[in-house]
Amino acid sequence: MKIRAKLLSVHVALAATAATLLTGCMGGGGTSNSSQVTIRAILPPNSGDINSAQNSALKSITQEYQSKHSNVSVNWLPNPTSSINTANATLVSQASGGNAPDIVFEQYNPLLSGSIPKGILQDLRPWLNKPNPYITGNKKWIDSFQSSTVPYMTSPDGAMRILLGSNVETAFFYNKAAFAKAQISGAPTSWAEMMQDLGKLKSAGYTPLLYATGGPCNPSWYERLADTQFLHDSLSKFMVDKSVVTTGKDVSSGIAKGVISMHNPAYAQVWKMLYALRPYISNSGGSYDACSTPNAVSPPLSPQPLLVQGKVAMIWGGSWFIPQLNSAGFKGKYGLFAEPPVTKATSPYSAGVSTKGVIGGPNGAGQWSITSQKADHSMTKKKTDAVMDFMAWLFTPQHIGAEVKAWGQGGSYIPTVKGAPIPDVTGLSSLVPATAVPTVVDIALDDVLSTNTTNTGIRLVSQLMAGGISFSDFSNKWEQLLQSGAQAFDKQNH
């Protein structure tokens, strides 16, 4: 989900081979010509090769396209990286030599935050503002996407460099037996009420919550949640790019103006609220990451087994947990709820806005970007037309629906294309925002400023939650991190 975090797709281990499949060219007519076009496409990290179960629909749909087009071939290649951050670092390196792939898996946050240099990915508006030839009656391809998705496809400069195929959402998952023993009747309706429930669980003899700090997921999710709450009323003071998610320019501006600063009581509350969780969390957080696969055998491990085994009462995870917990024999034994709103009962600095959808959104699977000729010297106009025709084929309601279902192991992602079937999975719909998502404030833990800022920030959060550093020391070091991160961003971006 970097969600961002990163919200990331969590799937099976990488395989070693790739399959060659045939696709076609822009125009939708299915005609071929004598010139063959070969396209290199990279699958998402941790998704295996094209023959893996989760890529089965993509393979089948591509093969169907092959039967209608014969002049374009696509090599679907497994992704050798383990995360979007690593994948993007590889992409930038390849682009510097002009040998980047033609189609790359991407996520909206790196694009909107400006962490991928301009010129690597193409602006897709020339195609999105024309009809999708595979959707009947479609006047503009862009109109086939849910209206809430379009802002996430739009960069601050107005360009559209990504096609977003599905939503992924996050939630707290709880053991129903633990809640019953602690005499908790249902999901909390506010952050303050959740804190009370954590106290009840502790009194009932449970380790109330595993806050996983072994990877970027829980830390970056929390930062988005709390930043959006506590800085919502200050957006006008530092927003420069006016995007749906804050960019490096916005964050650098906020730090320079002292809004994003531990000296600002509203911003300091972000970390004070997290620190208040310490009495209720497991000390094993450094060994776990919510974005690890359930069958991971080396740290960071998945927290799901601890919930299933009753060793912790609650974990913070993503919608992909639903089919995974069900397949582990835990169906019906767990409940879930979206991140509860932070009200004035927790802090007078809270804006009281609903943050459902802030951590997640169109950040699941089926997210594709197209490289430019500068990054990929083979990417001619003809080749781009071929790629975009294949993308148009993938993004019809029936095709993206089938792909999302396969990618989500039966139903943890929600398609972003109008008319696509939504998986009928218990609890999934409760995580989807009913109203527009507020401006998402993303600062240090999602590569907004720099990868070094993110990595150092995650280490500091891990130390804070493990009791290895006092809040006073954390506050001082976090302020230094913000200042150095802003300086590094400003230097790199002139």
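Note: the structure precedes this text.
The residue count restarts for each chain, going from 1 along the sequence in the order it is written. A pLDDT threshold of at least 70 governs which residues receive local features in this predicted model, and a stricter bar of 80 or more applies before side-chain atom pairs are shown or counted, although totals over entire chains, interfaces and linings include all residues. Hydrogens and waters are ignored; side-chain quantities use all the structure's heavy atoms.

Points about the environment of A365
Thought 1: Strands are runs of DSSP state E lasting at least 2 residues, helices are runs of H or I lasting at least 4, and numbering of each runs from the N terminus. Its location among the elements puts A365 in the loop between β10 (360–361) and β11 (367–370).
Thought 2: Taking relative accessible area as the criterion, A365 reaches 1% and is therefore assigned buried.
Thought 3: For the pair formed by A365 and T228, sequence separation is 137 residues and the distance between their alpha carbons is 24 Å. Remark: exposure states derive from per-residue accessible area (1.4 Å probe, protein chains only) relative to the maximum for the residue type, with buried under 20%, exposed over 50%, and partly exposed in between.

Focus: the nonpolar core
Thought 1: For the purposes of this section, nonpolar cores are sets of buried Ala, Val, Leu, Ile, Met, Phe, Trp, Tyr and Cys residues that join through side-chain atoms within 4.5 Å. Counting residues in hydrophobic clusters, the biggest one holds 151 residues, and the most contacted among them are W271, M391 and W478.
Thought 2: If one sorts the elements of this core by residue count, helix α14 (residues 381–394) sits on top with eight residues.

Details of the pattern of salt bridges
Thought 1: Salt-bridge detection follows one rule: a side-chain nitrogen of Lys or Arg within 4 Å of a carboxyl oxygen of Asp or Glu. One pass over the structure, following the stated rule, counts seven salt bridges.
Thought 2: In this structure, the salt-bridge partner of K118 is D157, at a minimum N-O distance of 3.3 Å. With K118 in the loop between α3 (108–113) and α4 (125–128) and D157 in the loop between α5 (150–153) and β5 (163–164), this pair connects stretches of sequence that are 39 residues apart.
Thought 3: By relative accessible area, K118 is classed as exposed at 60%.
Thought 4: Since its relative accessible area comes to 37%, D157 is described here as partly exposed.
Thought 5: Measuring nitrogen to oxygen at the nearest pair gives 2.9 Å for the salt bridge that ties D385 to K381. Residue D385 and its partner K381 are located together in helix α14, separated by four residues, close to a single helical turn.
Thought 6: The exposure class assigned to D385 is buried, which follows from its relative accessible area of 18%.
Thought 7: Residue K381 is classed as exposed on the basis of its relative accessible area, which comes to 56%.

Things to note about the packing of helix α10 (residues 248–256) against helix α17 (residues 471–492)
Thought 1: The contact between α10 and α17 brings their axes to 9 Å, and the two run at 130°. When the axes of α10 and α17 are compared, the pair comes out oblique. Of the two possible hands of crossing, α10 and α17 adopt the one that is left-handed. Counting all contacts with α10, which are made through G248, K249, S252 and I255, the residues of α17 involved are L482, Q483, A486, F489 and D490.
Thought 2: In the contact of α10 with α17, the residues fall into four nonpolar, three polar and two charged. Helix axes are fitted only over the stretch in contact, all axes being lines through C-alpha atoms; the angle between N-to-C directions runs from 0 to 180 degrees. Each angle is binned into one of four classes, with values under 35 degrees roughly parallel, values over 145 roughly antiparallel, values of 65 to 115 roughly perpendicular, and all other values oblique. Should the near helix be turned anticlockwise from the far one by less than a right angle, the crossing is termed left-handed; should it be turned clockwise, right-handed. It only takes one pair of heavy atoms within 4.5 Å for two residues to be counted as in contact. Each residue gets one of three labels, nonpolar for Ala, Val, Leu, Ile, Met, Phe, Trp, Tyr, Cys and Pro, charged for Asp, Glu, Lys and Arg, and polar for the others, Gly among them.

Considerations on unusual backbone geometry
Thought 1: Looking along the chain, the bond that leaves P299 and enters P300 is cis, with omega of 0°.
Thought 2: Note on placement: P300 falls in the loop between α11 (265–275) and α12 (304–308).
Thought 3: Positive phi is not limited to glycine here, since Q183 has a value of about 60°.
Thought 4: Mapped onto the fold, Q183 is located in the loop between α6 (176–181) and α7 (191–203).
Thought 5: Notably, K242 is not glycine yet its phi reads approximately 55°, a positive angle.

A closer look at the pairing of strand β8 (residues 314–318)
Thought 1: The buried fraction of β8 amounts to five of the five residues, a majority that puts the element mostly inside the structure.
Thought 2: What you see with β8 is no split at all: M314, W316 and G318 on one side and I315 and G317 on the other are buried throughout.
Thought 3: Two strands qualify as a pair provided DSSP detects at least 2 bridges between them. Relative to β8, strand β6 (residues 166–175) runs antiparallel, the two sharing five bridges. In the strand pairing of β8, F172 is matched with W316.

Describing the packing of helix α1 (residues 56–68) against helix α15 (residues 397–407)
Thought 1: The interhelical angle for the contact between α1 and α15, taken along N-to-C directions, is 150°, at an axis separation of 7 Å. Put simply, α1 runs roughly antiparallel to α15. In this structure, α1 contributes S56, A57, L58, I61 and E64 to the contact, and α15 contributes H399, A402, E403, A406 and W407.
Thought 2: Here the residues of the contact of α1 with α15 are counted per class, giving six nonpolar, two polar and two charged.

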